[in-house]
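For reference, the chains in residue letters:
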Amino acid sequence: MQRRVLGLAAVLITAVGATACGSSDSGSASSSPSGGGGTTTVKVGIIPIVDVAPLYLGQRKGFFGSRGIKLEMVSAQGGAAIIPGVVSGQFQFGFSNTTSLMVAQVKGIPVKSVANGAASNGKVGGDVTGLLVKKDSSVKSAKDLAGRKVAVNTLQNIGDTTVRESVRRAGGDPSDVRFVEVPFDQMPAALDGGRVDAAWMGEPAQTIAKAQGARVVASPFAETDPKLTVATYFTSTRLTEQNPDLVKRFTEAMTESLRYATDHPDEARQVLTTYTKISGDVLKKLTLPGWPAQVDMASLEKLASLSEKDGLFGDKKPDLDALFS
């Protein structure tokens, strides 16, 4: 575990170096008009999963355009990879799990959450992420994962932290679980091919794996907290200082997008076809997350406590109010 913590720290420290060595205006590039009409092109680092559907839906409905923002989405494997991109000015905003943002803050990385992203829907056995095993696996619950190889999309992330909590709750020893990094879209094949014993999957990977016969043995998000704030959209503190108007407009548009997606789940489901390759059958069966307009601070406090227990923060604690409020 210590090796993985140091690895993430190195990535984040590199991001700080990139910021320090970059040009003085790299973080304000998003405020430059992209063309006529004063429209600002904004690059957003995202993970191509169901959680970011409101962002694409908001773009389609004109919530960003009406505020003078033209979105350009750039895909990455996980939040830990997006953070350096935002801090260096490669992206103006990013989508990241809340654990990675907490780790970044305690390492001195200048980031600030500006809008909610996604939350658990609170349904054990039917949440937006699940821990899946093959149909004929001897694993019956999270307790049986001791000594097993479990796939997560990014190590030292919200995935392995919440999987450990599911193992604890089931009466198992989370220190015996062996985590390996596998991109979400490769997880169904990795599980079906026996390269891992279990996989913590988001959507649409989870639905694809179920179609191959996989079954859910735990719902780490919902079991950690039924209102768990899973991810948020964030920016660099430099951008909040240099271009607060852009940050305000992005936040307003994203909040409107979250509310619209909550009220129009069928449209949110359909927009997935614009940035993922999924079939009609998979689309119909997808499990959607919660998209509340505001973060749930109580759930973030619980997640921070678990992350501290797992040694993610070293000898420091994240300032949740400064990061998320």
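Residues numbered from 1 in each chain as written. Predicted model: local features only at pLDDT ≥ 70, side-chain atom pairs only at ≥ 80, totals over all residues. Heavy atoms only, no water.

Caption draft 1: Region of the structure containing the overall build of the protein chain. When helices and strands are tallied, the protein chain shows 14 helices and 10 strands. Buried positions account for 55% of the 325 residues belonging to the protein chain. Contacts in the protein chain between residues far apart in sequence, at least 24 positions, make up 80% of those at least 6 positions apart. Of the roughly 13000 Å² that the protein chain leaves accessible, carbon and sulfur atoms contribute 50%. (Helix = DSSP H or I, 4+ residues; strand = E, 2+ residues; numbered from the N terminus. Buried < 20%, exposed > 50% of the residue type's maximum accessible area, 1.4 Å probe, protein only. Contact = heavy atoms within 4.5 Å. Areas by Shrake-Rupley, 256 points an atom, 1.4 Å probe, with all protein chains shown as cover.)

Caption draft 2: Seen up close, the packing of aromatic side chains. With the rule as written, the count across this model stands at 8 aromatic pairs. A centroid spacing of 3.9 Å and a plane angle of 5° characterise the contact between Phe 93 and Phe 250, whose relative ring orientation is stacked. With Phe 93 in strand β3 (residues 93–97) and Phe 250 in helix α10 (residues 244–263), this pair connects stretches of sequence that are 157 residues apart. The same class applies to Phe 93 as to Phe 250, namely buried. Taken together, the ring pairs in this structure connect Phe 64, Phe 93, Phe 95, Tyr 233 and Phe 250 into an aromatic cluster. (Phe/Tyr/Trp six-rings, centres within 6.5 Å; stacked < 30°, edge-to-face > 60°.)

Caption draft 3: Highlighting the packing of helix α2 (residues 53–61) against α10. Running from amino to carboxyl end, α2 crosses α10 at an angle of 100°, the nearest separation of the two axes being 8 Å. By the angle class used here, α2 and α10 are roughly perpendicular. In this structure, α2 uses Pro 54, Leu 55, Leu 57, Gly 58 and Lys 61 to contact α10, whose residues at the interface are Met 254, Ser 257, Leu 258, Tyr 260 and Ala 261. Residue composition of the contact of α2 with α10, by class: 7 nonpolar, 2 polar and 1 charged. (Axes fitted to C-alpha atoms, helices over the stretch in contact; angles between N-to-C directions. Parallel < 35°, antiparallel > 145°, perpendicular 65-115°, else oblique. Nonpolar A, V, L, I, M, F, W, Y, C, P; charged D, E, K, R; others polar.)

Caption draft 4: Layout of the sheet that holds strand β7 (residues 178–181). Here we have 5 strands laid out as an open sheet, ordered β7-β6-β8-β5-β9, and mixed in their pairing. Only two strands of the sheet have a single partner each, and these edge strands are β7 and β9 (215–218). Taken over all neighbouring pairs, the strand axes of this sheet differ in orientation by 35° on average, direction set aside. Docked against the sheet, helix α5 (residues 158–169) engages β5 (130–133), β6 (149–152), β7, β8 (198–201) and β9, running at close to 120° with respect to β8. (Pairing = 2+ DSSP bridges.)

Caption draft 5: Quick look at the side chain of Gln 105. Locating Gln 105 in the fold gives a position in helix α4 (residues 98–106). Reaching out from Gln 105, the side chain makes a polar contact with the backbone nitrogen of Asp 319 at a distance of 2.6 Å. (Polar contact = N/O pair within 3.5 Å; in protein donor to acceptor, adjacent residues only side chain to side chain.)

Caption draft 6: Structural view of the environment of Gly 89. Position of Gly 89 among the secondary structure elements: in the loop between α3 (79–88) and β3. Exposure remark for Gly 89: the relative accessible area of 16% places this residue in the buried category. Taking the C-alpha atoms as reference points, Gly 89 and Thr 235, separated by 146 residues in sequence, lie 9.4 Å from one another.

Caption draft 7: Broad picture of the sheet that holds β3. Spatially, β2-β1-β3-β10-β4 is the arrangement adopted by the 5 strands of the open sheet, whose pairing is mixed. On the outer flanks of this sheet lie β2 (69–75) and β4 (111–119), each paired with one strand and no other. Here the strands of the sheet are splayed against their neighbours by 25° on average, with no regard to which way each runs. Bridge count for β3 against strand β10 (residues 229–236) is 4 bridges, and the pairing is antiparallel. Considered in β10, the bridge of Asn 97 is made with Ala 231. Each of β1 (40–46), β2 and β10 touches α2; the most contacted strand, β2, lies at about 150° to it. Contacts from α10 reach β1, β2, β3, β4 and β10 within the one sheet, and its direction differs from that of β4 by about 10°.

Function cannot be inferred from these measures alone, as they are strictly geometric.
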